[in-house]
Amino acid sequence: MIHFDVAGLSKRMQEIDAICQAEGFWEDREKAQTLLKEKKGIENRINTYNKLKTDLEDITVMIELAEEENDESIVPEIEEAYDRLCREAETMRISVLLD
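Residues numbered from 1 in each chain as written. Predicted model: local features only at pLDDT ≥ 70, side-chain atom pairs only at ≥ 80, totals over all residues. Heavy atoms only, no water.

Draft legend 1. Main features of the environment of Thr54. Within the secondary structure, Thr54 sits in helix H2 (residues 29-69). Overall, the relative accessible area of 40% leaves Thr54 in the partly exposed class. With 33 residues separating them along the chain, Thr54 and Gln21 place their C-alpha atoms 32 Å apart. (Helix = DSSP H or I, 4+ residues; strand = E, 2+ residues; numbered from the N terminus. Buried < 20%, exposed > 50% of the residue type's maximum accessible area, 1.4 Å probe, protein only.)

Draft legend 2. Region of interest: the pattern of salt bridges. Evaluated as defined, the whole model comprises 7 salt bridges. Here Glu15 and Arg12 are joined by a salt bridge, their closest N and O atoms 3.3 Å apart. Residue Glu15 and its partner Arg12 are located together in helix H1 (residues 6-21), separated by 3 residues, close to a single helical turn. Assessed through its relative accessible area of 34%, Glu15 is described here as partly exposed. Put simply, Glu38 and Arg12 hold a salt bridge, and the shortest N to O gap is 2.8 Å. Placement of the pair is Glu38 in helix H2 and Arg12 in helix H1, with a sequence separation of 26 residues. (Salt bridge = Lys/Arg side-chain N within 4 Å of Asp/Glu carboxyl O.)

Draft legend 3. Structural context of the layout of surface pockets. What the largest pocket holds in volume is close to 290 Å³. Surrounding the largest pocket, 13 residues form its lining, Phe4, Tyr49, Leu52, Ala89 and Met92 being those nearest its centre. Counting only elements with at least two residues in the lining of the largest pocket, the list comes to H2 and helix H3 (75-98). Here the residues of the lining of the largest pocket sort into 11 nonpolar, no polar and 2 charged. (1 Å grid on protein atoms, 1.4 Å probe; cavity = no way out; pocket = protein on both sides within 12 Å on 5 of 7 lines; lining within 4 Å. Points joined across faces, edges and corners; volume = space filled by probe spheres on them. Nonpolar A, V, L, I, M, F, W, Y, C, P; charged D, E, K, R; others polar.)

Draft legend 4. Spatial organisation of the side chain of Asp55. Along the chain, Asp55 falls in helix H2. In contact with Asp55, not counting residues within four places along its chain, are Leu85 and Glu88. (Contact = heavy atoms within 4.5 Å.)

Draft legend 5. Local environment of H2. Across its 41 residues, H2 extends 59 Å between first and last C-alpha, which sits within 8% of the 60 Å expected from 1.5 Å per residue. Restricting attention to buried positions, one finds in H2 the residues Ala32, Leu35, Lys39, Ile42, Arg45, Ile46, Leu52, Asp55, Ile59, Met62 and Ala66. Along its buried surface, H2 packs onto H1 and H3. Two residues or fewer after H2 comes Asn70, characterised by a positive phi angle close to 50°. (Expected span 1.5 Å × (residues − 1).)

Laid out in structure tokens, this is it:
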């Protein structure tokens with residue numbers, strides 16, 4: 001099982017922010033650029049995670065509404081959203097594995 005540590009990533013981002021605020025940060029341009037690249041990667045991962053989480057919540061609401069209304073016409077939309085979520089989650093999983 002892959003562990004995606006959002007709290008750990010958020011903490012690392014705060015650490016990078018603190019380093020960026022320190023005097024002399026830009027004196028070592030290569031190190032500064034490396035840290036900013038790392039921060040951008042962390043932001044992208046957290047944003048992707050949050051999008052997947054929101055999409056899953058939206059699908060859950062759609063299912064609940066379809067059940068409450070006994071409306072099967074929304075099933076194709078739910079299936080499409082679920083398939084898209086699975087593809088995006090798999091892409092993220094592979095990204096996490098490769099890092």
